[in-house]
Amino acid sequence: MKIAIIGGGISGLSTAYYLKKFSLPVTEIVLYEASSRFGGWIDSKKVTLNNEDIYLEKGPRTLRLTTGELKEINSIKLANDLNLSSNIEIISKNHPASVNRYIYFNGQINVIKPKLIGKTPLMSKGLFRYLLKELRSPKRDSSVEDETIWSFISRRLDSEIAENLIDPVFKGITGGDVRNLSAAALLKTFYQYEDTFGSISKGAFNKARNPIMENYEKYHDLLELRDKYRHQSVWRFKDGMQKFTERLAEELSKYENVKLCLNDPVKSVSRKNDKMSIISKNSHQDFDMVISSVYSKINNQFLSDEYVSLKESLSKIEAVNMVVVNFVFKDDLLPFKGFGYLVPTNQKSPILGCIFDSVFNKPQEKNTCLTVMLGGAWYDEYLKNKSSDQIKKLAFTEVRKHLNIKVDPDYEDISILKEAIPQYRVGHNKLLSQIKNQIKEYGLSEKLYLTGFSYDGIGINDCIFNARKLVQDEISNSRIVKNLSR
């Protein structure tokens, strides 16, 4: 069985890895990457200042362990399996980066610490009153399949919570506007709790009393590790997140039947009899199966025009442009320690938030490293037609005001990331079902698979675990694999 993988980001590399790990009857894997490097949006840059090595991230910088979900455990297990354990730094739930998260509101930085009774700068009522409302709020009508996150949170809790807390959190995660994002797709568990139990609180209570028995046989390797990481918050690589994708590519290159093709964009994908034909910049090959891990719209550049309705559906998953500006100072300038702060839309700021990367510094390291996020759903409003220098100046003006910084940075860098984060808008789950049906209608079932951050989770943990599930659950049970395994 010969398999093509399109895209050399974390999803494509993970898919190739799991195809080898689970010993499928694969004769050859060809992975196509259009650019000159593997990793996609995972991109780290090393800077030396005052003899201190600093790793700046253009994309994700930490991975969650907080909830103990299988997808969280799966990622750190993969890192350990790749012999990266010495490069892993685990951050406990007591670390300032875990405890202290901030919101910029009404001209000041406010820590996110709700009171059970009594107001805070971000909440005009105590948490108890919001929870009481949530318990008493009627269940949504059964005809409502989806709604915006704004609508869901306002309806069940309060519009104040949606505006001052949930809005900035999702700006930080997705770069998107909660007035458009799908509750059913991005708050999946909570949305299902309301549907099944009538409220979020009742659903959480029921889950605590009756934990779901997960498939031990399939995920025993993850379930056995869960207790080990129970009290941890996040983890990262000391030498930058890019270490993850570099090691994955390095591991795959050890196999003679795995071909990693850089600078080789795919030009055409079509079905020819029982094969999938791929024409790329450097070759023309036939495959038994094609797995595309690129952003959904990019598929339209190479999928045959005969798949017109599928291409139309894939084009409906929009993505926002993001800008990341890194500022480095030789001295410790932060007035407090924490992960960083986010900015609600109602504060009318051009930045989405600021991450305090130097919160992870060792005691002997005195630098300050900040990553400022801009753009997203507000890219056109604040950044359209601005030069890189103008955007850097805009970003620094904001953080200098917010953090009362008196000196200029000793180093600065900017990355403008086009179509960086897909937006799961209202109706996203219905659209995914439509795409799945169209693949079947065009006779592409078990011939064309789609994975990556456009569909079922935008985070690294999602991408890696979805790659594993694709291989372990779908491809392993496909007819071609079953026939070859007899």
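Everything in this summary refers to the structure shown in the same document.

Criteria and thresholds
- Residues numbered from 1 in each chain as written.
- Predicted model: local features only at pLDDT ≥ 70, side-chain atom pairs only at ≥ 80, totals over all residues.
- Heavy atoms only, no water.
- Salt bridge = Lys/Arg side-chain N within 4 Å of Asp/Glu carboxyl O.
- Helix = DSSP H or I, 4+ residues; strand = E, 2+ residues; numbered from the N terminus.
- Buried < 20%, exposed > 50% of the residue type's maximum accessible area, 1.4 Å probe, protein only.
- Polar contact = N/O pair within 3.5 Å; in protein donor to acceptor, adjacent residues only side chain to side chain.
- Contact = heavy atoms within 4.5 Å.
- Patch = residues over 30% accessible without salt bridge, like charges linked within 9 Å, V, L, I, M, F, W, Y side chains within 5 Å.
- Areas by Shrake-Rupley, 256 points an atom, 1.4 Å probe, with all protein chains shown as cover.
- Axes fitted to C-alpha atoms, helices over the stretch in contact; angles between N-to-C directions.
- Parallel < 35°, antiparallel > 145°, perpendicular 65-115°, else oblique.
- Nonpolar A, V, L, I, M, F, W, Y, C, P; charged D, E, K, R; others polar.
- Pairing = 2+ DSSP bridges.
- Phe/Tyr/Trp six-rings, centres within 6.5 Å; stacked < 30°, edge-to-face > 60°.
- Core = buried A, V, L, I, M, F, W, Y, C linked by side-chain atoms within 4.5 Å.

The next point concerns the pattern of salt bridges. Here the structure, examined in full by the defined rule, presents 35 salt bridges. For Asp357, the salt bridge goes to Arg61, with nearest N and O atoms at 2.7 Å. Separated by 296 residues along the polypeptide, Asp357 in the loop between β17 (351-356) and β18 (368-375) and Arg61 in the loop between β4 (52-57) and β5 (63-64) bring together distant segments of the chain. Like Arg61, Asp357 is buried.

With that settled, consider the side chain of Lys58. Secondary-structure assignment places Lys58 in the loop between β4 and β5. Of the polar contacts made by the side chain of Lys58, one reaches the side chain of Asp413; its length is 2.7 Å. Apart from residues no more than four positions distant in its own chain, Lys58 is found in contact with Trp41, Asp43, Val324, Asn326, Asp413, Ile414, Ser415 and Leu417.

Judged by side-chain polarity, Leu116, Ile117 and Phe128 come together as a nonpolar surface patch covering roughly 360 Å² of accessible area. By secondary structure assignment, the location of Leu116 is in the loop between β8 (108-111) and α4 (127-136).

Buried within helix α5 (residues 149-156) are the following residues: Ile149, Phe152, Ile153, Ser154 and Arg156. Of the surrounding elements, those touching the buried residues of α5 are α4, α6 (159-174), α7 (183-186), α8 (188-197) and α9 (200-209).

Here helix α2 (residues 70-81) crosses helix α16 (residues 460-474) at 85°, and the two axes come no closer than 8 Å. Compared by their axis directions, α2 and α16 come out roughly perpendicular. Only Ile460, Asn461, Asp462, Ile464, Phe465 and Arg468 of α16 make contact with α2, whose side of the interface consists of Leu70, Lys71, Glu72, Asn74, Ser75 and Leu78. Split into classes, the residues belonging to the contact of α2 with α16 amount to 5 nonpolar, 3 polar and 4 charged.

Before going further, it helps to examine the environment of Ser92. Mapped onto the elements of the fold, Ser92 is located in strand β6 (residues 88-92). For Ser92, a relative accessible area of 26% corresponds to the partly exposed category. Note: C-alpha distance between Ser92 and Asp81 (11 residues apart in sequence) is 22 Å. Setting aside residues up to four positions removed in sequence, Ser92 forms contacts with Ser98, His231, Gln232 and Ser233.

Glancing now at the sheet that holds β5. As summarised here, the arrangement of the 3 strands in space is β5-β9-β6, forming an open sheet in which the pairing is antiparallel. Of all strands in the sheet, those bounded by a partner on one side alone are β5 and β6. As defined by bridge partners, β6 adjoins strand β9 (residues 232-237) across 5 bridges and the pair is classed as antiparallel. The partner of Ser92 across the bridge, within β9, is Gln232.

Across all of its chains, the model carries 17 aromatic pairs by this definition. Ring geometry for Tyr17 and Tyr18: centres 5.3 Å apart, planes at 80°, overall edge-to-face. Given a relative accessible area of 12%, Tyr17 falls into the buried group. Since its relative accessible area comes to 2%, Tyr18 is described here as buried. On the basis of an interplanar angle of 70° and a centroid distance of 5.0 Å, the ring pair of Phe152 and Tyr191 is categorised as edge-to-face. Separated by 39 residues along the polypeptide, Phe152 in helix α5 and Tyr191 in helix α8 bring together distant segments of the chain. For the pair Phe152 and Tyr191, a shared accessibility class is recorded, and that class is buried. Among the aromatic side chains, those forming a connected cluster through ring pairs are Tyr102, Tyr104, Phe336, Tyr341 and Phe356.

If you look at the biggest cluster of nonpolar residues, it comprises 120 residues, and the most contacted ones within it are Phe244 and Tyr341. Among the elements that line this core, the one with the most residues is strand β15 (residues 319-329), at 8 residues. Once residues within four sequence positions are removed from consideration, Tyr341 is found in contact with Tyr102, Ile103, Tyr104, Ile109, Ile351, Gly353, Cys354, Phe356, Val399, His402 and Leu403. With 25 residues, the next largest nonpolar core counts Phe302, Tyr307, Leu310 and Leu431 among its residues.

Within the element layout of this structure, Asp413 appears in strand β19 (residues 411-422). For Asp413, a relative accessible area of 15% puts it in the buried group. Excluding residues that lie within four positions of it along the chain, Asp413 makes contacts with Lys45, Lys58, Val324, Val325 and Asn326.

We now examine the environment of Arg101. Within the element layout of this structure, Arg101 appears in strand β7 (residues 101-105). Sequence separation between Arg101 and Asp195 is 94 residues; the distance between their C-alpha atoms is 31 Å. Those residues in contact with Arg101 that lie beyond four places of it in its chain are Asn110, Val111, Ile112, Phe339 and Gly340. Side-chain polar atoms of Arg101 contact the backbone oxygen of Ala97, separated by 3.1 Å.

Turning to the sheet that holds strand β12 (residues 275-280), a few remarks are in order. As a general point, the strands of a sheet are linked pairwise by backbone hydrogen bonds and lie either parallel or antiparallel. Across the sheet, 3 strands lie side by side as β11-β12-β13; this open sheet has antiparallel pairing. In this open sheet, the two strands that pair with only one neighbour each are β11 (266-272) and β13 (284-287). The mean inter-strand angle of the sheet, taken between neighbouring strand axes irrespective of direction, is 20°. As defined by bridge partners, β11 adjoins β12 across 6 bridges and the pair is classed as antiparallel. Bridged to Arg271 within β12 is Met276.

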